[in-house]
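Listed below are the residues making up each chain.
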Amino acid sequence: MSWFCNSANCQFSVFTLTTIGWILSCTSMGLVEWRIWYMKDTPLYHPGIACVGIFRVCIYRHRTNSTTTKFCYQYSYQDTFLPFEIYMAQRFLLTASIFGFFGRAFNILALRNTSVKIFEEDTYNSFIVSGVFNIAAGVFILIAVLQNYDAIINSRGITFPPSLQMPFKPDVQEVGTAIQVAGIGVLPMLLTGMFSLFYKCPLYCQVHPDISET
């Protein structure tokens, strides 16, 4: 792997891939389609589709054959009905976005130093810190994705407030596109984080070669 880690062009590619993963992960936070609920017509609820996100829920109700209404509810910190997986995903994703930002910052610093041929200990430390931040961010996102995926597979319900007119469980519950986007973003963050860690040793050995006694 040393030939890969010694290439500056590869490190720029690693930075690009990590940035793409970070952008995808941040984008997934704003998407509402984490869990898709399909609700049939009942005496208590109108038929419709609900998109349950990490920070809000949007409900699409079919009033007539040609009329559909949309209502979105933004979660607040006072809401006690949120299940554990959504509550933790809010914290994990926000933390991951912050970690990813710092990972970009340290990576840019390290790349700037290598581009001007500054091979000092701070440069290697910047790569290491960047890799640690990226891996930590990827792990947080992965946990949020797996927790919500498990809730969907096991058909866990949510006790929404009566004002939303939502059942505890839908008739059908599916994985939304937001989980897929977050899952795709995790892979480059974890892999490139590992590459950033492996980058140090070969360069350091070149700059500080071993002196053998003759």
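No experiment lies behind these values; they were computed from the predicted model shown. (Residues numbered from 1 in each chain as written. Predicted model: local features only at pLDDT ≥ 70, side-chain atom pairs only at ≥ 80, totals over all residues. Heavy atoms only, no water.)

Participant: Mind showing me how you'd approach the environment of Met189 here?
Facilitator: Checked against the element boundaries, Met189 lands in helix α5 (residues 177-198). Judged by its relative accessible area of 0%, Met189 is buried. Separated by 52 residues in the primary sequence, Met189 and Ala137 place their C-alpha atoms 7.6 Å from one another. In this view, Met189 contacts Thr18, Gly21, Trp22, Ser25, Gly100, Asn134, Ile135, Ala137, Gly138 and Ile141; residues no more than four positions away in its chain are not counted. (Helix = DSSP H or I, 4+ residues; strand = E, 2+ residues; numbered from the N terminus. Buried < 20%, exposed > 50% of the residue type's maximum accessible area, 1.4 Å probe, protein only. Contact = heavy atoms within 4.5 Å.)

Participant: Explain the pattern of salt bridges here, please?
Facilitator: Two side chains of opposite charge can pair, provided their charged atoms sit close to one another. By the definition in use, this model includes 2 salt bridges. Arg35 is the salt-bridge partner of Glu85, the closest N and O atoms lying 3.0 Å from each other. Placement of the pair is Glu85 in helix α3 (residues 84-115) and Arg35 in strand β1 (residues 35-39), with a sequence separation of 50 residues. Note on accessibility: Glu85 and Arg35 belong to one class, buried. A salt bridge links Arg156 to Asp150, with the shortest nitrogen-to-oxygen separation between them at 2.6 Å. Classification of Arg156 by relative accessible area gives partly exposed; the value is 35%. Judged by relative accessible area, Asp150 falls into the partly exposed class, the value being 31%. (Salt bridge = Lys/Arg side-chain N within 4 Å of Asp/Glu carboxyl O.)

Participant: I'm lost on the state of the cysteines in this one. Help?
Facilitator: Two cysteines, two sulfur atoms, one covalent bond between them: this is a disulfide. The full count for this structure, using the stated rule, is 1 disulfide. Shown here is the disulfide that connects Cys58 with Cys72, its sulfur atoms set 2.0 Å apart. Given an S-S torsion of about 105 degrees, the disulfide between Cys58 and Cys72 has right-handed geometry. On the criterion of sequence distance, the pair formed by Cys58 in strand β3 (residues 56-62) and Cys72 in strand β4 (residues 68-74) is long-range, its members being 14 residues apart. Given the relative accessible area of 33%, Cys72 is considered partly exposed. In this model Cys51 remains outside any disulfide bridge; the closest cysteine sulfur is found in Cys58, 6.7 Å from its own. (Disulfide = S-S within 2.5 Å.)

Participant: What am I meant to see in the pairing of β1 here?
Facilitator: Remember that side chains alternate between the two faces of the sheet whenever the strand is regular. Among the 5 residues in β1, 4 count as buried, and that is most of the element. Pairing between β1 and strand β2 (residues 48-52): 5 bridges, direction antiparallel. Paired with Ile36 across the bridge in β2 is Cys51. Taken together, the 4 bridges between β1 and strand β5 (residues 172-175) define a ladder with antiparallel strand orientation. Bridge assignment links Ile36 to a residue of β5, and that residue is Glu174. (Pairing = 2+ DSSP bridges.)

Participant: Looking at this model, I keep getting lost on the nonpolar core. Mind explaining?
Facilitator: Side chains of nonpolar character tend, in soluble globular proteins, to be buried together. Within the largest apolar cluster, 19 residues are counted, with the highest numbers of intra-cluster contacts made by Trp34, Leu93, Ile141 and Val145. Of all elements in the fold, only α2 (8-30), α3, α4 (121-153) and α5 reach the threshold of two or more residues within this core. Counting 14 residues, the second largest nonpolar core, distinct from the first, contains Met39, Ile59, Leu82 and Phe160. (Core = buried A, V, L, I, M, F, W, Y, C linked by side-chain atoms within 4.5 Å.)

Participant: It is not clear to me how the packing of aromatic side chains should be interpreted in this structure. Could you clarify?
Facilitator: Applying the stated criterion across every chain, the model contains 11 aromatic pairs. With a centroid separation of 5.8 Å and an interplanar angle of 50 degrees, the aromatic rings of Phe99 and Phe140 are classed as tilted. Residue Phe99 is located in helix α3, and its partner Phe140 is located in helix α4; the two are separated by 41 residues in the primary sequence. Given the relative accessible area of 25%, Phe99 is considered partly exposed. The ring of Tyr87 has Arg91 sitting right over it, with the charged end atom 3.8 Å from the ring centre. (Phe/Tyr/Trp six-rings, centres within 6.5 Å; stacked < 30°, edge-to-face > 60°. Lys NZ or Arg CZ within 6 Å of the ring centre and 35° of its normal.)

Participant: I would appreciate a short explanation of the UniProt feature "transmembrane region" (unreviewed entry) in the protein chain in the present structure.
Facilitator: Residues given the UniProt feature "transmembrane region" (unreviewed entry) here are residues 12-32, 92-111, 123-146 and 175-199. Summarising residues 12-32: 90% helix, 0% strand, and an end-to-end C-alpha distance of 32 Å. Here residues 92-111 is 100% helix and 0% strand, with 28 Å between the C-alpha atoms at its ends. (UniProt positions renumbered as here; feature names shortened; annotations may be inferred.)

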